[in-house]
Amino acid sequence: MYDMPVPQSMSSYRIAILPGDGTGREVMAEAQSLLTAISSSTSLNFEQILIPCGGQYFLETGKEWPDGSFEKCRDEADAILLGAIGWPDAVCENGDLAGGQVVLGLRGGLDLYANVRPIKLYEGVRHKVHGDFQQVWQASKVDMVIVRENTEGLYHSLLHRSALKAQGGEEYEPPKMDFPGMNGDVAWDPRPISRAGSERVIDFARRLVSLRNGNPSGVSKLTCVDKSNVTRGCQLFRSIFDEKSADWDDLEVDYAYIDAFTMWLVRNPEWFDVVVTSNMFGDIATDLGSVLQGGMGMAASGNIGDEHAFFEPVHGSSPKHAGKNKVNPIATINSVQMMLEWLGHRNDDEEALRVARCIDESVAEHISEGTLLTYDLGGSATTSEVGSAIIGRVLAKLET
Ligand code: IPM
Ligand code: MN
């Protein structure tokens, strides 16, 4: 009896699964298989709570997701995984994107203030530039994380409206204003930036620097990206960054205006470790950043708050590729990887952290071998072939 293995304690996690629209459904199928595979071969157990949602669901039912879905995500899930939202002609009565209630309602309603978007180039990825695949950026020089503020800024009205709607509340419109010198129809989106909202996302980014090994040269650094030469919101954001950074003596502090940042991002990605910025700037810069990784098919993300988090590939539902089993599942697989890291840190769960490392290594090895890649990386493999191959590698690695 002394030979019996010591039973490992089991961690059970409930994961809300929101496949959404188009190719979101196809990549989510791979994420679900990955979770099932991990459940069957480790001490982790994932209970999947499936929630249909999005523009296609809206066209079929007149709702963006079933009643009570927001509450399910809030009250019954340890973490949330989302595929992609958005479908042609799926628009709500008020003109908002159908399905927006899901992604923006969760961001706003669960107070997921940090949108964490790693930009990491794996060895062997070729970039599609000028219609050809070529090696442009060196893998050893692209490894940063952009932290996008996720609850205020230019998205504030839409986020607030979506959060209210997700919880069955009132419609919200920002106050009307008169703008001197402007006549006739004027539409406007306020861009409120608060002290509290800036403090928490800057603190988050600063903690993230401590969890990493610095930029590609090993320098731990936090870059504040703003447009404080022009906007008041950015001036507040930067002054808070200045107040806080005065106490940091274990990392480099760096600044860039968003316009110049886009230039440096492309020209000298190796400068950056963690970057913190406001909502819309982060939205735009991370699409640009995805090109450095090999495209949107490689861009994973986490929307993280103090109590909840949801993880999603940055790419959309890509209607033109939907139903063809051709898009890259790696952004979604890496979003599962981020989810496991988050669960691992949050619950002090070494096993979740080990599985997260295995996923990262498996993706890296799969890409550097380079034989089974989707069209966006220059291959012709299907979504499910790539998904199964990576899951196979993860399982093999978990056993060693
Ligand atoms: C993203 C997307 C969303 C955004 C859209 C779908 C509302 O572009 O996650 O980056 O603008 O935040
Ligand atoms: Mn975007």
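Notes on the structure in this doc start here.

What counts and what doesn't
- Residues numbered from 1 in each chain as written.
- Chains lettered and ligands numbered in written order.
- Predicted model: local features only at pLDDT ≥ 70, side-chain atom pairs only at ≥ 80, totals over all residues.
- Heavy atoms only, no water.
- Helix = DSSP H or I, 4+ residues; strand = E, 2+ residues; numbered from the N terminus.
- Buried < 20%, exposed > 50% of the residue type's maximum accessible area, 1.4 Å probe, protein only.
- Contact = heavy atoms within 4.5 Å.
- Areas by Shrake-Rupley, 256 points an atom, 1.4 Å probe, with all protein chains shown as cover.
- Lys, Arg positive; Asp, Glu negative; His and termini not counted.
- Charge placed at Lys NZ, Arg CZ, Asp CG, Glu CD.
- Near = heavy atom within 4 Å.
- Polar contact = N/O pair within 3.5 Å; in protein donor to acceptor, adjacent residues only side chain to side chain.
- Nonpolar A, V, L, I, M, F, W, Y, C, P; charged D, E, K, R; others polar.
- Salt bridge = Lys/Arg side-chain N within 4 Å of Asp/Glu carboxyl O.
- Core = buried A, V, L, I, M, F, W, Y, C linked by side-chain atoms within 4.5 Å.
- Pairing = 2+ DSSP bridges.
- Axes fitted to C-alpha atoms, helices over the stretch in contact; angles between N-to-C directions.
- Parallel < 35°, antiparallel > 145°, perpendicular 65-115°, else oblique.
- Left-handed = near helix turned anticlockwise from the far one by under 90°.
- Expected span 1.5 Å × (residues − 1).

### Some remarks on the overall build of the chain
Right, so step 1: Each helix and strand in the chain was counted, giving 12 helices and 12 strands.
Right, so step 2: Each principal axis of the C-alpha atoms in the chain carries an extent, and together these give about 80 × 50 × 50 Å.
Right, so step 3: Among the 400 residues that make up the chain, the fraction classed as buried is 53%.
Right, so step 4: If you take every contact in the chain between residues at least 6 apart in sequence, the share linking residues at least 24 apart comes to 76%.
Right, so step 5: Of the accessible surface of the chain, which amounts to about 17,800 Å², a share of 50% is contributed by carbon and sulfur atoms.
Right, so step 6: Here the chain holds 35 positive side-chain charges and 57 negative ones, and the gap between their average locations is 4 Å.

### Brief notes about the site of ligand 1
Right, so step 1: Around ligand 1, the neighbouring residues are Arg107, Arg117, Arg148, Tyr155 and Asp283.
Right, so step 2: The separation between an oxygen atom of ligand 1 and a polar side-chain atom of arginine 148 is 2.8 Å.
Right, so step 3: In the environment of ligand 1, an oxygen atom lies 2.8 Å from a nitrogen or oxygen atom belonging to the side chain of aspartate 283.
Right, so step 4: Coverage of ligand 1 by the protein amounts to 73% of the 320 Å² it exposes when considered alone.
Right, so step 5: Taken together, the residues of the shell around ligand 1 break down into 1 nonpolar, no polar and 4 charged.

### Quick notes on the pattern of salt bridges
Right, so step 1: If you walk through the whole model with that rule in mind, you get 24 salt bridges.
Right, so step 2: Measuring nitrogen to oxygen at the nearest pair gives 3.2 Å for the salt bridge that ties lysine 120 to aspartate 360. Of this pair, lysine 120 sits in strand β4 (residues 114–120) while aspartate 360 is found in helix α11 (residues 350–369), placing the two residues 240 residues apart along the sequence.
Right, so step 3: You can call lysine 120 partly exposed: its relative accessible area is 28%.
Right, so step 4: For glutamate 361, the salt bridge goes to lysine 397, with nearest N and O atoms at 3.5 Å. In this pair, glutamate 361 sits in helix α11 while lysine 397 sits in helix α12 (residues 383–399), placing the two residues 36 residues apart along the sequence.
Right, so step 5: Each of Asp96, Arg161 and Glu173 takes part in salt bridges that share partners, so that together they form one network.

### Notes on the nonpolar core
Right, so step 1: The biggest cluster of nonpolar side chains holds 82 residues, and the ones touching the most others in it are Ile15, Leu81, Val147, Phe261, Leu340 and Ile359.
Right, so step 2: A per-element tally of this core places helix α10 (residues 330–347) first, with 8 residues.
Right, so step 3: Residues within four places of leucine 81 in sequence aside, it is in contact with Ile15, Ala16, Ile17, Leu18, Met28, Ala31, Leu35, Phe311, Val336 and Met339.
Right, so step 4: Core analysis: the second largest hydrophobic core is formed by 21 residues, Ala16, Ile80, Ile85 and Tyr155 among them.

### A few points about the environment of serine 380
Right, so step 1: Summarising the element assignment, serine 380 is placed in the loop between α11 and α12.
Right, so step 2: By relative accessible area, serine 380 is classed as exposed at 72%.

### Some points on the sheet that holds strand β9 (residues 252–257)
Right, so step 1: Strand order in the open sheet formed by 10 strands is β2-β1-β3-β12-β11-β4-β7-β10-β8-β9, and the pairing between neighbours is mixed. The sheet terminates laterally at β2 (44–50) and β9, the two strands that pair on one side only. Looking at each pair of strands side by side, their axes are set apart by 25 degrees on average, direction ignored.
Right, so step 2: Pairing geometry for β4 and strand β7 (residues 143–149), over 7 bridges, is antiparallel. Note on β7: the bridge partner recorded for arginine 117 is isoleucine 146.
Right, so step 3: Packed onto the sheet, helix α6 (residues 195–211) meets β4, β7, β8 (221–226), β10 (274–277) and β11 (300–304) and runs at close to 165 degrees relative to β7.

### Brief notes about the packing of helix α8 (residues 258–267) against helix α9 (residues 279–293)
Right, so step 1: Two numbers describe how α8 lies on α9: the axes approach to 10 Å, and their chain directions differ by 15 degrees. Relative to α9, the element α8 is oriented roughly parallel. Once α8 is placed against α9, the crossing between them reads as right-handed. Side by side, α8 and α9 meet where Ile258, Phe261, Thr262, Leu265 and Val266 of the first sit next to Phe281, Ala285, Leu288, Gly289 and Leu292 of the second.
Right, so step 2: Grouping the constituent residues of the contact of α8 with α9 by class yields 8 nonpolar, 2 polar and no charged.

### Remarks on the pairing of β4
Right, so step 1: Burial within β4 is extensive, with 5 of its 7 residues counted as buried.
Right, so step 2: Sheet topology note: the β4/β11 ladder contains 3 bridges and is antiparallel. In the strand pairing of β11, valine 116 is matched with glycine 302.

### Side note on the packing of helix α4 (residues 100–109) against helix α5 (residues 156–166)
Right, so step 1: Two elements in contact, α4 and α5, have axes separated by 7 Å at closest approach and are oriented at 100 degrees. By the angle between their directions, the pair α4 and α5 is classed as roughly perpendicular. Listed contacts from α5 to Gly100, Gln101, Leu104, Gly105, Arg107, Gly108 and Gly109 of α4 are Leu158, Leu159, Ser162, Ala163, Lys165 and Ala166.
Right, so step 2: Broken down by class, the residue content of the contact of α4 with α5 amounts to 5 nonpolar, 6 polar and 2 charged.

### Here we look at α6
Right, so step 1: With 17 residues, α6 extends 25 Å from end C-alpha to end C-alpha; this agrees with the ideal 24 Å at 1.5 Å per step.
Right, so step 2: If you check which residues of α6 are buried, you get Gly197, Ser198, Val201, Ile202, Phe204, Ala205, Arg206, Leu208 and Val209.
Right, so step 3: Against β4, β7, β8, α7 (232–245), β10 and β11 lie the buried residues of α6.
Right, so step 4: The N-cap of α6, judged by a side-chain oxygen 2.8 Å from the amide nitrogen of glycine 197 a few residues on, is serine 194.

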